[in-house]
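Residues per chain are reported as follows:
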Amino acid sequence: MRDTITDANFPKTADGRVYHLGIKDGEVANRIVTVGSISRAQDIAKHFDSSPKPFSLQSERGFLTITGRYRGVPVSIVCIGMGGPNVDFFIREVRECVRGDLLIIRLGSCGCLTDLPVGSLILPKASIAVTRNLDFDFANGDHWRTPYRLSKPVSADLDLLMAQLKGALESARPVAAPNPIVTNAVNASTDSFYSSQGRQTSFQDYNSGLIDHLKETIPDITSLEMETYWIFHLAASWKGLSTPSPASNFPLATSPVLPSHSSPHPQGVDFSNDVHKPLIKAAAVQMVFASRRSQDFITPQQVSELEAWSGGAVLEALRAMNVPHNRLHPNEGSVWDLKGAPLKAAL
C-alpha cells in the first residue's frame, strides 16, 4: 500500500482502505469463507455467479479477497495465509469494513490425532490454543516451568455448524467419497507447525510427549492446525459473551491480569445506530491432510477432489444461513451491486 495513512491507531488510507487486507467498505460481504491457500480461494470462486463479475484484490501484504454472488447471495472468499496473527489482521480489518453480522467459515487443512483416514472432514465443536511458553528455558531445560501452555476452549457457533454446515457437506459429498464427516471433535490451534504440534526437528523443543499429553488431557481432541481457535476466540470476544463449551474440564493456563481500559471505536463502519450489536458467527471445516498416527499424507489428487465439493458445500451453508435484511451490508455502492459497481481494484 503506497497511499498516505491517516491514523496510526487503526491504519487506513484517506479513502478508507485498511492497511493489511487493502479492502474498504463495500468490497467484502457479510458471509465469508476464509482459506490459507490462494489456489483454494480461486477454485472456490469458480462457484460464483457470472454476474456481477467477481471483484478480486490482492494486497501488498499477501491477502487475497474475492467477492461476488453465489446463487444470488453476496459472499467473500478471503485468503489469509497461516497462523493466528494473520487471523487477527483478517477478523479485525474485515469487521471495520462490513456493516451488520459476519458469518465466517474456515476451510483449511489439519493434522489428525485419531485413526481417521486422510481425506476425512472434521467440523470442530470447540478449539483450544497450544502455545510455546516463551519463559521456558529451551536451551538448557527448566524444572520449574512447562514448555507449552493450553488455553481454555472456545466453541464454534452451533447454529452455523450443525444447522447448516454439516447438512450442506453431507448433501454435497459424492458417493465415491466414503470418508467420514466428524462433528464430535475438539481442535487444537497452535502457534507453530513444528514445536507446538509435537514434530521433531533439529531444535530441542521439549515436545516429545506433547501429543500424548493433549490426548490424555483434552476430551475428544481430534485435530491440530493453526487458525481455528483464533477465529472462534475473536468471534466470542466481539460478542462480549462467555460461550459455554461442550467440554468443561480443560486446563486453564495462568496469566497476569492487566487493567481494563475502554477505548473509542476506530474510524470504520459506524455501529452506533444498530439496535442490536452485530454478531460474528464462526465455524470451521478441517480437511485431514496428515495422520499423525499412521504418518499418511494426502495426495494432490485427493486434495483437488476434496476441495471441489467441500468448497461448494461451504458456500451453500453460508447462502442458506438466515441473516435479517437489516443486519446485512447495503448493496448500494458495493462490488456485488447488480446495478453496476467497480469490478476490480488493485494495490
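Computed from a prediction, not measured in an experiment: that's the story for all the values here. Position numbers for residues start from 1 in each chain and track the written sequence from start to end. Local features in this predicted model are restricted to residues whose pLDDT is 70 or higher, and side-chain atom pairs enter the listing and the counts only when it is 80 or higher, whereas totals over whole chains, interfaces and linings include all residues. Excluded from the side-chain calculation are hydrogens and water; included are all heavy atoms of the structure.

Engineer: Can you tell me about the overall build of the chain, naming the residues and giving the values?
Structural biologist: Along its length, the chain carries six helices and 13 strands. Burial classes follow relative accessibility: with a 1.4 Å probe on protein chains only, a residue under 20% of its type's maximum area counts as buried, one over 50% as exposed, and anything between as partly exposed. Out of the 347 residues in the chain, the part that is buried amounts to 54%. We call two residues in contact whenever any of their non-hydrogen atoms come within 4.5 Å of each other. Intrachain contacts of the chain at a sequence separation of at least 6 include 77% that bridge at least 24 residues. The protein chains shown are the only cover counted for residues, whose accessible areas, like all others here, come from Shrake-Rupley with a 1.4 Å probe. For the chain, the exposed surface amounts to about 16,700 Å²; the carbon and sulfur share of it is 52%. The numbering of helices and of strands both runs from the N terminus, where a helix is a DSSP run of H or I of at least 4 residues and a strand a run of E of at least 2.

Engineer: So, the packing of helix α3 (residues 158-172) against helix α6 (residues 300-320): which residues are in play, and what are the values?
Structural biologist: Lines are fitted to the C-alpha atoms to define the axes, a helix being fitted only along its stretch in contact, and any angle between axes, read from their N-to-C directions, falls within 0 to 180 degrees. At a closest axis distance of 8 Å, the pairing of α3 and α6 adopts a crossing angle of 140°. If you check the angle between α3 and α6, you find them oblique. Considering the relative orientation of α3 and α6, their crossing is right-handed. Here α3 contributes Q164, L165, A168, L169 and A172 to the contact with α6, which in turn contributes W309, S310, A313, V314, E316, A317 and A320. Partitioning the contact of α3 with α6 into residue classes produces nine nonpolar, two polar and one charged. Any angle from 65 to 115 degrees is called roughly perpendicular, while one under 35 is roughly parallel, one over 145 is roughly antiparallel, and all others are oblique. Crossing handedness: left-handed means the near helix sits turned counterclockwise from the far one by under a right angle, and right-handed means the same turn made clockwise. Any residue outside Ala, Val, Leu, Ile, Met, Phe, Trp, Tyr, Cys, Pro, Asp, Glu, Lys and Arg is labelled polar, Gly included; the first ten of those are nonpolar and the last four are charged.

Engineer: Explain the confidence of the model for the chain to me, and be specific about the residues and the numbers.
Structural biologist: Note on scores: pLDDT gives the predictor's confidence for each residue, bounded by 0 and 100. Averaged over all residues, the pLDDT of the chain equals 88, while 86% of them reach at least 70. Confidence drops under a pLDDT of 50 for residues 240-267, and excluding neighbours within four residues, the segment shows 34 contacts in the predicted structure. With pLDDT under 50 throughout, residues 341-347 is counted as low confidence; its partners more than four residues away or in other chains account for 21 contacts.

Engineer: Can you explain α3? Please cite residues and give values.
Structural biologist: Multiply 1.5 Å by the residue count of a helix minus one, and that product is the helix's expected span. Taking 1.5 Å per residue as the helical rise, α3 with its 15 residues ought to reach 21 Å, and the 20 Å between its terminal C-alpha atoms agrees with that figure. In the structure, α3 departs most strongly from a straight axis at L165, where the bend amounts to approximately 35°. Among the residues making up α3, those that are buried are L160, L161, Q164, L165, A168 and L169. Summarising the contacts, the buried residues of α3 are in contact with β5 (102-112), β6 (121-122), β10 (181-182), β13 (280-291) and α6. In this structure D157 caps α3, since a side-chain oxygen of it lies 3.3 Å from the backbone nitrogen of D159. Note on bend: the value at a residue is the angle between axes fitted to the seven residues ending there and to the seven starting there. Between N or O atoms, a polar contact is any pair within 3.5 Å; within protein, one atom must be a potential hydrogen donor and the other a potential acceptor, and residues adjacent in sequence are included only when both atoms are from side chains.

Engineer: Would you mind going over the environment of Q204 in detail, with residue names and values included?
Structural biologist: Here Q204 shows up in the loop between β11 (186-190) and α4 (210-217). With a relative accessible area of 48%, Q204 lands in the partly exposed category. In this structure, the C-alpha to C-alpha distance between Q204 and A139, residues 65 residues apart in sequence, is 7.3 Å.

Engineer: Kindly report on the pairing of strand β1 (residues 31-35), identifying the contributing residues and their values.
Structural biologist: Counting buried positions along β1 yields five of five residues, so the element is predominantly enclosed. Residues R31, V33 and V35 point to one face of β1 and I32 and T34 to the other, with burial holding for every one of them. Between any two strands, pairing holds if DSSP finds at least two bridges. As judged from the four bridges shared by β1 and β5, these two strands associate in the parallel manner. Paired with T34 across the bridge in β5 is R106. Of the pairings in the sheet, the one linking β1 to strand β4 (residues 73-79) comprises four bridges and is parallel in character.

Engineer: Before we move on, could you go through the packing of aromatic side chains and cite the residues and values that matter?
Structural biologist: Given two aromatic rings, their pairing is described by the distance between the two centres and the angle made by the two planes. Whether two aromatic rings pair depends on their centres lying within 6.5 Å, for rings of Phe, Tyr and Trp, where Trp uses its six-membered ring; planes under 30 degrees apart make the pair stacked, over 60 edge-to-face, and the rest tilted. Under the criterion given, the structure shown has seven aromatic pairs. Each ring, one from F63 and one from F89, has its centre 6.1 Å from the other, and the planes form 85°; the classification is edge-to-face. Of the two residues, F63 is situated in the loop between β2 (55-58) and β3 (64-70) and F89 in helix α2 (residues 84-95); the sequence distance between them amounts to 26 residues. Taking the relative accessible area as the measure of exposure, F63 reaches 3% and is therefore buried. Across from the ring centre of W238, 5.0 Å away, lies the NZ or CZ of R95, which sits over that ring. The rule for a charge over a ring is simple: NZ of Lys or CZ of Arg within 6 Å of the ring centre, and within 35 degrees of the ring normal.

Engineer: Any details on the pattern of salt bridges? Residues and values, ideally.
Structural biologist: Every case where a carboxyl oxygen of Asp or Glu lies within 4 Å of a side-chain nitrogen of Lys or Arg is listed as a salt bridge. The full count for this structure, using the stated rule, is 16 salt bridges. Of the charged contacts in the structure, one is a salt bridge between E316 and R71, with a shortest N-O distance of 2.8 Å. Taken as a pair, E316 in helix α6 and R71 in the loop between β3 and β4 lie far apart in primary sequence, 245 residues in all. Take R71: its relative accessible area is 52%, and that puts it in the exposed class. In this structure, E170 engages K166 in a salt bridge whose closest nitrogen and oxygen atoms are separated by 3.5 Å. Here the residue E170 and the residue K166 both occupy positions in helix α3, the gap between them amounting to four residues, near one helical turn. Salt bridges here are not isolated pairs; linked through shared partners, they connect D15, R17 and E27.

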